[in-house]
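Spelled out, the chains give:
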Amino acid sequence: MLELLLAKYCAPALAGMKAANLVTCFFAQIPDLKNKIRALNQTLNAKDIYLVPICECERRVLLLVFRKELLCRYLKRDEIHALLVKAGYPETFCLDAYLAILKERLKHSAFPHEIGAFLGYPADDITGFIRHKGENCLLCGEWKVYHNAARAKAQFARYARCKSALTRRVSQGDSLCKIFCAS
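Since the structure is predicted, the reported quantities are computational estimates derived from the model, not experimental observations.

A. Focus on the packing of aromatic side chains. Applying the stated rule across the entire model yields six aromatic pairs. With centroids separated by 5.9 Å and ring planes inclined at 50°, the aromatic side chains of Tyr 89 and Phe 118 adopt a geometry described as tilted. A residue pair is termed long-range when its members are at least 10 positions apart, and Tyr 89 in the loop between α4 (78-86) and α5 (95-108) and Phe 118 in helix α6 (residues 115-118) qualify at 29 residues. There is no split in this pair, since Tyr 89 and Phe 118 are both buried. What links up through ring pairs into an aromatic cluster is the set Tyr 89, Phe 93, Tyr 98 and Phe 118. We note Lys 68 situated over the ring of Tyr 50; from NZ or CZ to the ring centre the distance is 5.3 Å.

B. Structural view of the pairing of strand β1 (residues 20-26). Burial runs high along β1: five of the seven residues are buried. Direction of pairing for β1 relative to strand β3 (residues 60-67): antiparallel, over a ladder of seven bridges. Residue pairing in the sheet places Cys 25 in a bridge with Val 61 of β3.

C. Looking closely at the packing of α4 against helix α7 (residues 123-132). Between α4 and α7, whose axes approach to 9 Å, the crossing angle comes to 30°. The angle between α4 and α7 places the two elements in the roughly parallel class. Residues Glu 79, Ile 80 and Leu 83 of α4 pack against Ala 123, Ile 126 and Thr 127 of α7. Residues of the contact of α4 with α7, tallied by class, amount to four nonpolar, one polar and one charged.

D. Local environment of the side chain of Arg 67. Within the secondary structure, Arg 67 is located in strand β3. Of the buried charged residues, Arg 67 lacks a salt bridge, with Asp 48 as the closest side chain of opposite charge at 5.8 Å. Polar contacts involving the side chain of Arg 67 include one to the main-chain carbonyl oxygen of Leu 14, which spans 2.5 Å. Here the side chain of Arg 67 touches Lys 47 through a polar contact of 3.2 Å, landing on its backbone oxygen. In this view, Arg 67 contacts Ala 13, Leu 14, Ala 15, Gly 16, Ala 19, Lys 47, Asp 48, Ile 49 and Phe 180; residues no more than four positions away in its chain are not counted.

Each value, and the rule that gives it
- Residues numbered from 1 in each chain as written.
- Predicted model: local features only at pLDDT ≥ 70, side-chain atom pairs only at ≥ 80, totals over all residues.
- Heavy atoms only, no water.
- Phe/Tyr/Trp six-rings, centres within 6.5 Å; stacked < 30°, edge-to-face > 60°.
- Helix = DSSP H or I, 4+ residues; strand = E, 2+ residues; numbered from the N terminus.
- Buried < 20%, exposed > 50% of the residue type's maximum accessible area, 1.4 Å probe, protein only.
- Lys NZ or Arg CZ within 6 Å of the ring centre and 35° of its normal.
- Pairing = 2+ DSSP bridges.
- Axes fitted to C-alpha atoms, helices over the stretch in contact; angles between N-to-C directions.
- Parallel < 35°, antiparallel > 145°, perpendicular 65-115°, else oblique.
- Contact = heavy atoms within 4.5 Å.
- Nonpolar A, V, L, I, M, F, W, Y, C, P; charged D, E, K, R; others polar.
- Lys, Arg positive; Asp, Glu negative; His and termini not counted.
- Salt bridge = Lys/Arg side-chain N within 4 Å of Asp/Glu carboxyl O.
- Polar contact = N/O pair within 3.5 Å; in protein donor to acceptor, adjacent residues only side chain to side chain.

Nothing here speaks to function; it is all geometry.
Okay, structure coming up:
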């Protein structure tokens, strides 16, 4: 069940098409969830894929699924780094420190606006969301688009194809470890 959820909601991050994805996992639906996450990390971390709980309550856990190198590279981009520094993150980049701040903010707010940076959203769309308070977007798909809707629409289609392909393979019995750790 966990691997199917990851395939359905996190395929673009697993495949290295985007920095990260989020997925909510319910403890009632996935027995021994924490051990399953730990086991997947033991294998997938060798391929630079990480499953990190960023918010947890008694019913569920919110996982950030990412390729570490890709996420670090994205967060260090000038426009993304500037956006995060403006939001109160340290000038000196450290992924662990940035994730710790994000986790703390998630305890006090449903979704801090800068979470889009961690998910690989374009800086223009993150600032557009903040400026327009989530209203008046050009397109709504994987995120609310405020700039370059054509590019985003094409990206959303690529993500959908990736999710479909990975979900199909996992549904047919392939494990994420087999798919991503074969080479």
